[in-house]
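# Geometric and topological summary
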Amino acid sequence: MEKLISILLVDDDPKNLMVLETILNSPEYRLVKASSADEALMALMNYEFAAIVLDVQMPGMSGLELARLIKQRKKTQHVPILFLTAYYQEDEHVVLGYDAGAVDYITKPVNPAVLRSKIGVFIELFRKTTALAEMNRAMEAEIIERQRAEERFRMVVETAPNAMVMIAADGQILLVNSRTESLFGYDRDELICQPISVLIAEDALHDFEAARVPRELVGKRKNGTTVPIEIGLSQFQSADGTFKLASFVDITERKRAEAALRAANAELEAKNAELRRQAEDRVRRMRAEAAKAEADAARERSAFLAEASSVLASSFDYCEMFTALARLLIPNFADCCIVDLVQDDGLLLPIVVAHKDKAIERRIHEFREAFPARIDDGRGVAAALKSGVPVLCTQFGEKQMAAFARDPAEEEAVKHLEIQSYIVVAMKARGRTLGGLCLASMTERRYNEADLSLALELAERAGLALDNSRLYAESSQAREAAEAANAAKDRFLAMLSHELRTPLSPVLHATTLLEEQDCPPHMRATLETIRRNVQLEARLIDDLLDLARIRNGKLQLQSEPVDAHDLLRRAVDICQADIATRNLRLTLDLRATHVMLEADPARLQQIFWNLISNAVKYTPPGGAIALHTEDDEDGGALRVEVTDSGVGIESARLESIFDAFEQANSGRSGGLGLGLAICRALATLHGGRIAARSGGSGKGATFMVTLPVANHIQPSHKAAPAAPPQQPVKGLRVLLVEDHADTAATLGRLLVNSGYVVQTATDVAAAVRSIEESEFDLLVSDIGLPDGSGLELMPRFVEAAADRPIAGIALSGFGMPEDLERSYSAGFHEHLIKPVDFALLRKALARVSTKIPAPVPALA
């Protein structure tokens, strides 16, 4: 049904309105009447009018004024107005009407035909205008919808998970999304209006054009590389023509996956073929699997036993060892573990009682304390230990409980433990029962023969571990006793050294006193013999102490860069007098070029002196000794050879002569047989070795020492200027503390003869009194004194001296490194080992007294 067209009739005369309504009455029109301007304005707000018939002359607001208001409103300004008037005025009046918005005039009385004709024109114009407006609105809506559709299409294309390309009928690219840019490496501006062939390999273009379903092709990237792609192509029509929408998917990973899948399928097919081939062997395989299961169980058992063995070997403390074993057993193999040791009196001592619940563990402890077991009881745990037969109780019921307990009280106590099943096995070693292992279940676990077998093997290992623990304890006690004995031996050696050295000092000092006097040459030769033998005795004592240090691992080297040839020459100098006395020919062939060593010079010289001294000792008068050095083949070592024409060595003894207290020719010379043992130990400490060779008895011997050289050290060819000998300061006051009367007397005379003022004390008390009563510059003190130690004196001496410069020299028969360290820690500046050669003491006094000024003589 068509919508009625509204016409507004405005006249203040109801009769005129009736006439107008009669003339214009039609089923196509809606006639709205208004008798005033206000009613007209109200109607204009409610309806949309195709035309307005307006009386010009109205009370209040005239038709012209109302027309102006209508034309001011945007909604109504295009509505045509037809003025009604009873007469025409001047042209000015017409102009005003048209100016107000009128499109035509009609005079009263109204000609119906004219009115209907004019209104008909307005109605037709309204219809056409309305239809045009509707068409415009529809077109606008269609445009908007199309824009929205295009935007949605672009959004769909842009957000698509694949690369999307819209292609025109001529093959040009119209639209791409960002995934296309990522896949092919182009910016979208570079692709728009380009032919689709820029993205498809030439040999694949035909397949692309024919694609209707997804098809795999090869794409081209901007950088010239290719990429396997899957293309889906769809075609659609629009008002603008026919288009294609192509979807590109990078199937590189899929291709790889397909290749992997093909390989996997091939492998699977091979496996399936293998399985098919093996189908006929299924029974055999099942048997093999059963055997494997049994082997796995055996492996698990072996692994458990291995772990248990590791636990049992982790400590020699059997309490700690069995506690760790109980932790391993609970709760995997037992709820409760008890380890008993058989005491000498037959009592079973529970050293381990373990349960995961500490309250139950305390209850079991209390039970064992209340009902101690003995191996002779023949019940419970003791039954298995006495007979040696293991006990397996799969179900601990009333009958088993009665057999387990020794009396009703114990039976009642056992009930509260809620034991369900248990195993007891003896721990044995070397045919003796050492203890027992009890494993109990207090839950649903029930022990079987396999569990008993495992427990037996575990008990066997535990018995061996317990026996080893006891043997270790016994060996530890023996070792401690041996160490104590070694310590006692060391103390004895140190004391023996002290006691042997002390009587030698006055002999040396007396010899020095006699040598300082004018005496005939034969007397001097006798004195030199005395001195030489005293020094030999001291050397023997030193060898004993060195051997003790070596065996205790207490001998330490003080390494520094040294010239081996220099040390050899010094050793020769020391032996030169003996060589001359025996009229021996000495040949030096020092041809080695790599002679710098990182070594302890004193110990290295000791090796060389020992070997040269032995050569002198075992070579008869008129014989020959040769010293030869050469570089090792690779230049990394120095070889030193000492060859003599002496008594020789039997081949069977070439190795044993390096053992302590062994001599190449027993009974033919003096000494303790320690020198070569010490030489080998010192050479080994330096990273070297020593060996001997000989043609046999009477054919001489050669001793070879090989030592690593320090090639990074350059030898110094400049001899340092000899330092002028230091002269003692005359008149220095010396407190000499020595309890050995002969040593004190001879040493005191030597000091007085050397220009010192000497006061003597024989013990600590006397020395302290002297320090308190008099001033001294030097303290020369023995360490071992009857009422204490000389180490106590040095702090008192320093305290009494206050700011005066003083010095102290310790004299002792104790020469171990720790003895020297104690002397230096007490404050002594020097430590000389008895017997003290006075020449060494004189040099030491000169060294320590350089900063002590000579005392000012008192005025008479």
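In this text the structure is predicted, and so the values were computed from the model without any measurement. (Residues numbered from 1 in each chain as written. Predicted model: local features only at pLDDT ≥ 70, side-chain atom pairs only at ≥ 80, totals over all residues. Heavy atoms only, no water.)

### Some remarks on the overall build of the protein
Across its full length, the protein carries 26 helices and 29 strands. Across the 860 residues in the protein, those meeting the buried criterion constitute 42%. Contacts in the protein between residues at least 24 apart in sequence constitute 63% of all its contacts with a sequence separation of at least 6. Per element, the accessible surface of the protein, about 46,500 Å² overall, is 54% carbon and sulfur. (Helix = DSSP H or I, 4+ residues; strand = E, 2+ residues; numbered from the N terminus. Buried < 20%, exposed > 50% of the residue type's maximum accessible area, 1.4 Å probe, protein only. Contact = heavy atoms within 4.5 Å. Areas by Shrake-Rupley, 256 points an atom, 1.4 Å probe, with all protein chains shown as cover.)

### Observations concerning the nonpolar core
In terms of nonpolar packing, the biggest core is built from 43 residues, with Leu597, Leu604, Ile607, Phe608, Leu611 and Phe703 touching the most fellow members. For this core, the secondary structure elements donating two or more residues are α19 (564-581), β18 (596-599), α20 (601-618), β19 (624-631), β20 (637-644), α21 (675-685), β21 (689-693) and β22 (701-708). In this view, Leu611 contacts Val642, Leu676, Ile690, Phe703 and Val705; residues no more than four positions away in its chain are not counted. Core analysis: the next-biggest nonpolar cluster, separate from the first, contains 37 residues, Leu329, Leu437, Leu454 and Ala455 among them. (Core = buried A, V, L, I, M, F, W, Y, C linked by side-chain atoms within 4.5 Å.)

### Thoughts on the side chain of Ser849
The topology assignment puts Ser849 in the segment after α26 (838-848). Classification of Ser849 as buried rests on a relative accessible area of 1%.

### Remarks on the sheet that holds β21
An order of β17-β19-β20-β22-β21 is seen for the five strands of this open sheet, with the pairing classed as mixed. Of all strands in the sheet, those bounded by a partner on one side alone are β17 (585-590) and β21. In this sheet, adjacent strand axes meet at a mean angle of 15° when their direction is disregarded. Sheet strands in contact with α19 are β17, β19 and β20, and its direction is about 175° off that of β17. (Pairing = 2+ DSSP bridges. Axes fitted to C-alpha atoms, helices over the stretch in contact; angles between N-to-C directions.)

### Details of the packing of aromatic side chains
Inspection of every chain in the model, using the stated rule, returns seven aromatic pairs. Ring geometry for Phe184 and Phe248: centres 5.5 Å apart, planes at 90°, overall edge-to-face. Pair noted here: Phe184 is in helix α6 (residues 178-184) and Phe248 is in strand β10 (residues 241-250), with a separation of 64 residues, a long-range link. Ring centres of Phe396 and Tyr422 lie 5.5 Å apart, and the angle between their planes is 75°; on these two criteria the pair is classed as edge-to-face. Of this pair, Phe396 sits in the loop between β13 (391-393) and α14 (398-404) while Tyr422 sits in strand β14 (residues 421-429), and the two are 26 residues apart along the sequence. When sorted by exposure, Phe396 lands in the same class as Tyr422, which is buried. Three or more aromatic residues link up through ring pairs in this structure, and these residues are Phe304, Phe333 and Tyr447. (Phe/Tyr/Trp six-rings, centres within 6.5 Å; stacked < 30°, edge-to-face > 60°.)

### Quick look at empty space enclosed by the protein
One pass over the structure, following the stated rule, counts two cavities of 30 Å³ or more. The computed volume of the largest cavity comes to approximately 280 Å³. Contributing to the lining of the largest cavity are 22 residues, with Ile338, Phe367, Arg368, Val381 and Phe404 lying nearest its centre. Breaking the lining of the largest cavity down by element, the ones donating at least two residues are β11 (336-342), α12 (358-370), α13 (381-387), β14 and β15 (432-441). Take the lining of the largest cavity: its biggest share by element is three residues, from α12. Partitioned by chemical class, the residues of the lining of the largest cavity number 16 nonpolar, one polar and five charged. (1 Å grid on protein atoms, 1.4 Å probe; cavity = no way out; pocket = protein on both sides within 12 Å on 5 of 7 lines; lining within 4 Å. Points joined across faces, edges and corners; volume = space filled by probe spheres on them. Nonpolar A, V, L, I, M, F, W, Y, C, P; charged D, E, K, R; others polar.)

### Here's the deal with unusual backbone geometry
Of note, the bond from Ile330 into Pro331 is cis; its omega dihedral lies within 30 degrees of zero at 0°. Within the secondary structure layout, Pro331 lies in the loop between α11 (318-329) and β11. In this structure, Pro835 follows Lys834 across a cis peptide bond, with omega equal to 0°. Within the element layout of this structure, Pro835 appears in the loop between β29 (830-833) and α26. Positive phi outside glycine occurs at Glu418, with the angle close to 55°. Positionally, Glu418 belongs in the loop between α15 (408-415) and β14. For Glu418, a relative accessible area of 52% gives the class exposed. Backbone geometry at Arg430 places phi at a positive 55°, although glycine is not the residue there. If you trace the backbone, Arg430 turns up in the loop between β14 and β15.

### Observations concerning the packing of α19 against α20
As a packed pair, α19 and α20 sit with axes 9 Å apart at the nearest point and diverge in direction by 40°. Taken together, the axes of α19 and α20 lie oblique to each other. In the packing of α19 onto α20, the handedness of the crossing is right-handed. Where α19 abuts α20, its residues Ala564, Leu567, Leu568, Arg570, Ala571, Val572, Ile574, Cys575, Asp578 and Ile579 lie against Pro601, Leu604, Gln605, Phe608, Trp609, Ile612, Ser613 and Val616. Of the residues in the contact of α19 with α20, the class split is 14 nonpolar, two polar and two charged. (Parallel < 35°, antiparallel > 145°, perpendicular 65-115°, else oblique. Left-handed = near helix turned anticlockwise from the far one by under 90°.)

### Things to note about the packing of helix α10 (residues 282-312) against α11
Running from N to C, α10 and α11 point in directions that differ by 155°, and their axes come no closer than 8 Å. In terms of axis orientation, α10 runs roughly antiparallel to α11. Where α10 crosses over α11, the handedness of that crossing is right-handed. Across from Phe304, Glu307, Ala308, Val311 and Leu312 in α10, the residues of α11 making contact are Met321, Phe322, Ala324, Leu325, Leu328 and Leu329. In terms of residue class, the contact of α10 with α11 is made up of ten nonpolar, no polar and one charged.

### Brief notes about the sheet that holds strand β24 (residues 757-761)
Spatially, the five strands line up as an open sheet ordered β24-β23-β25-β28-β29, and their pairing is parallel. Whereas interior strands pair on both sides, the edge strands pair on one side only; in this sheet they are β24 and β29. Across the sheet, the axes of successive neighbouring strands diverge by a mean angle of 20°, strand direction being ignored. Here strand β28 (residues 807-812) pairs with β29 via four bridges, running parallel. Within the sheet, the bridge partner assigned to Ile809 lies in β29 and is Glu830. Each of β28 and β29 is contacted by helix α25 (residues 817-826), which is oriented at about 145° to β29, the strand it contacts most.

### Re the layout of surface pockets
In this model, the second largest pocket occupies a volume close to 720 Å³. If you tally residues by element for the lining of the second largest pocket, the top one is helix α5 (residues 112-159), at ten residues. When the residues that make up the lining of the second largest pocket are grouped by side-chain class, the tally is 13 nonpolar, six polar and nine charged.

### Overview of the environment of Gly731
Tracing the chain through its elements places Gly731 in the loop between β22 and β23 (733-737). In sequence terms Gly731 and Gly755 are 24 residues apart; their C-alpha atoms lie 5.7 Å from each other.

### Regarding α26
In an α-helix, one turn spans 3.6 residues; hence positions three or four apart end up facing the same way. Turning to α26, its buried residues number three or more, namely Phe838, Leu841, Ala844, Leu845, Ala846 and Val848. Looking at where α26 begins, the residue whose side-chain oxygen comes 3.0 Å from the main-chain nitrogen of Ala839 is Asp837. (Polar contact = N/O pair within 3.5 Å; in protein donor to acceptor, adjacent residues only side chain to side chain.)

### Section: the pattern of salt bridges
Enumeration over the complete set of coordinates arrives at 37 salt bridges. Between Glu630 and Arg639 there is a salt bridge; the shortest N-O distance is 2.6 Å. Residue Arg733 pairs with Glu775 through a salt bridge whose shortest N-O separation is 3.8 Å. Linking Arg733 in strand β23 with Glu775 in the loop between α23 (764-773) and β25 (778-782), this pair joins segments that are 42 residues apart in sequence. The exposure class of Arg733 is partly exposed, given its relative accessible area of 24%. A cluster of three or more residues bridged by salt bridges with shared partners is formed by Glu216, Glu230, Arg254, Lys255 and Glu258. (Salt bridge = Lys/Arg side-chain N within 4 Å of Asp/Glu carboxyl O.)

### Some details on the state of the cysteines
Think of a disulfide as a covalent bridge from one cysteine sulfur atom to another cysteine sulfur atom. Counted by the stated rule, this structure contains zero disulfides. No disulfide involves Cys438; its sulfur sits 6.5 Å from the nearest other cysteine sulfur, which is in Cys336. (Disulfide = S-S within 2.5 Å.)

### With respect to the side chain of Ser247
Its location among the elements puts Ser247 in strand β10. With relative accessibility at 16%, the residue Ser247 sits in the buried group. With residues near it in sequence (within four places) discarded, Ser247 still touches Asn162, Ala163, Met164, Glu230, Ile231 and Gly232.

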